[in-house]
Amino acid sequence: MERGLLRQKQSKTRFLSTGGWWLMQKNRTLPRIAVGVLVFFLPLFAIAGVGCTPQQVMEAQLGGGLNQLRTEVGLPQIPVDPALAKVARLRAQDMAQKDYFSHQAPDGCDFRCLMNMNGVATAWAGEVIAWNDAPLQESAAMTINLWRNSPTHYGIITGCQFTRMGTGAAIARDGRVYHVAVFEGNGAPCQ
């Protein structure tokens, strides 16, 4: 794990039809598949009709994709925390507006600094960042795939100690899309 990326401080769903529910009860592998599909697509369904910005759509896609990566290795899904989402969004916006790509911001205030400034208590904390110039509807999926194939990023995403996350996305003037995911938790590290 790269130095500085982690630190220690002190009713039934309405999306399934009756027939679908029966199939899930009869076949125990279908719930895993259904959950995986819902985790990835539910954010899209939930925001489709409420006039969200492209950034908000990508943030929801990132959250679903990150939880899919975690469930693939047997880890629990973790919720998107509004305070961490604010930090991730601020980080993405800062990189897009100031045209840089780094865990260290030019002003020296990294994600841990922003967490402190926004009153986010931390035990373990981690950040993953990416940028691409893919079409907006493909951008989040491309980032998830890049993170999946990077051992350092994947190690942070699948950290056992994390219990919540925040995702952020910003579009720069030149069309580049910056994605940030911030993780926090007080669970035991993976063995």
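Scroll up to find the structure.
Reading the values: the criteria
- Residues numbered from 1 in each chain as written.
- Predicted model: local features only at pLDDT ≥ 70, side-chain atom pairs only at ≥ 80, totals over all residues.
- Heavy atoms only, no water.
- Axes fitted to C-alpha atoms, helices over the stretch in contact; angles between N-to-C directions.
- Helix = DSSP H or I, 4+ residues; strand = E, 2+ residues; numbered from the N terminus.
- Parallel < 35°, antiparallel > 145°, perpendicular 65-115°, else oblique.
- Left-handed = near helix turned anticlockwise from the far one by under 90°.
- Contact = heavy atoms within 4.5 Å.
- Nonpolar A, V, L, I, M, F, W, Y, C, P; charged D, E, K, R; others polar.
- Phe/Tyr/Trp six-rings, centres within 6.5 Å; stacked < 30°, edge-to-face > 60°.
- Buried < 20%, exposed > 50% of the residue type's maximum accessible area, 1.4 Å probe, protein only.
- Expected span 1.5 Å × (residues − 1).
- Arc of directions from axis to C-beta.
- Disulfide = S-S within 2.5 Å.

(A) Representation of the packing of helix H3 (residues 54–72) against helix H6 (residues 136–148) in the model. Axis separation between H3 and H6 bottoms out at 9 Å; the angle between their running directions is 30°. Judged by the angle between their axes, H3 and H6 are roughly parallel. Relative to H6, H3 is oriented so that their crossing is right-handed. Of the residues in H6, those touching H3 at Pro 54, Met 58, Gln 61, Leu 62, Gly 65, Leu 66, Leu 69 and Glu 72 are Leu 136, Ser 139, Ala 140, Thr 143, Ile 144, Trp 147 and Arg 148. Of the residues assigned to the contact of H3 with H6, the class counts are nine nonpolar, four polar and two charged.

(B) Representation of the packing of aromatic side chains within the structure. Tallying each qualifying case throughout the model produces two aromatic pairs. Seen in terms of ring centroids, Phe 101 and Tyr 178 are 6.5 Å apart; in terms of plane orientation they differ by 40°. Their pairing is tilted. You can see Phe 101 sitting in the loop between helix H4 (82–98) and helix H5 (111–117) and its partner Tyr 178 sitting in strand E4 (residues 177–185), a full 77 residues away along the chain. A relative accessible area of 40% places Phe 101 in the partly exposed class. Note on Phe 162 and Phe 183: the rings are 5.5 Å apart at their centroids and 35° apart in plane angle, and the pair reads as tilted. Pair noted here: Phe 162 is in the loop between helix H7 (151–157) and strand E3 (164–171) and Phe 183 is in strand E4, with a separation of 21 residues, a long-range link.

(C) Highlighting H3. Between its terminal C-alpha atoms H3 stretches 27 Å, which fits the 27 Å expected from 19 residues at 1.5 Å a residue. Turning to H3, its buried residues number three or more, namely Met 58, Glu 59, Ala 60, Gln 61, Leu 62, Gly 63, Gly 64, Gly 65, Leu 66, Asn 67, Leu 69 and Arg 70. The positive-phi residue at the C-terminal boundary of H3 is Gly 74, with phi of around 85°.

(D) Spotlight on the environment of Gln 97. Turning to its location among the elements, Gln 97 is positioned in helix H4. Each C-alpha atom, one on Gln 97 and one on Ala 172, is 6.3 Å from the other, the two residues being 75 residues apart in sequence.

(E) Quick peek at H6. Relative to the 18 Å expected for 13 residues at 1.5 Å per residue, H6 spans 19 Å between its end C-alpha atoms, a close match to the ideal helical length. Those residues of H6 that sit buried are Ser 139, Ala 140, Thr 143, Ile 144 and Trp 147. Relative to the axis of H6, the buried residues are bounded by an arc of 125° and lie together on one face. Against the buried residues of H6 lie H3, strand E2 (124–132), H7 and E4.

(F) Local environment of the state of the cysteines. Under the criterion given, the structure shown has one disulfide. With a sulfur-sulfur separation of 2.0 Å, Cys 109 is cross-linked through a disulfide to Cys 113. Classification of the bridge connecting Cys 109 and Cys 113 rests on its S-S torsion, roughly -95°, and on that basis the disulfide is left-handed.

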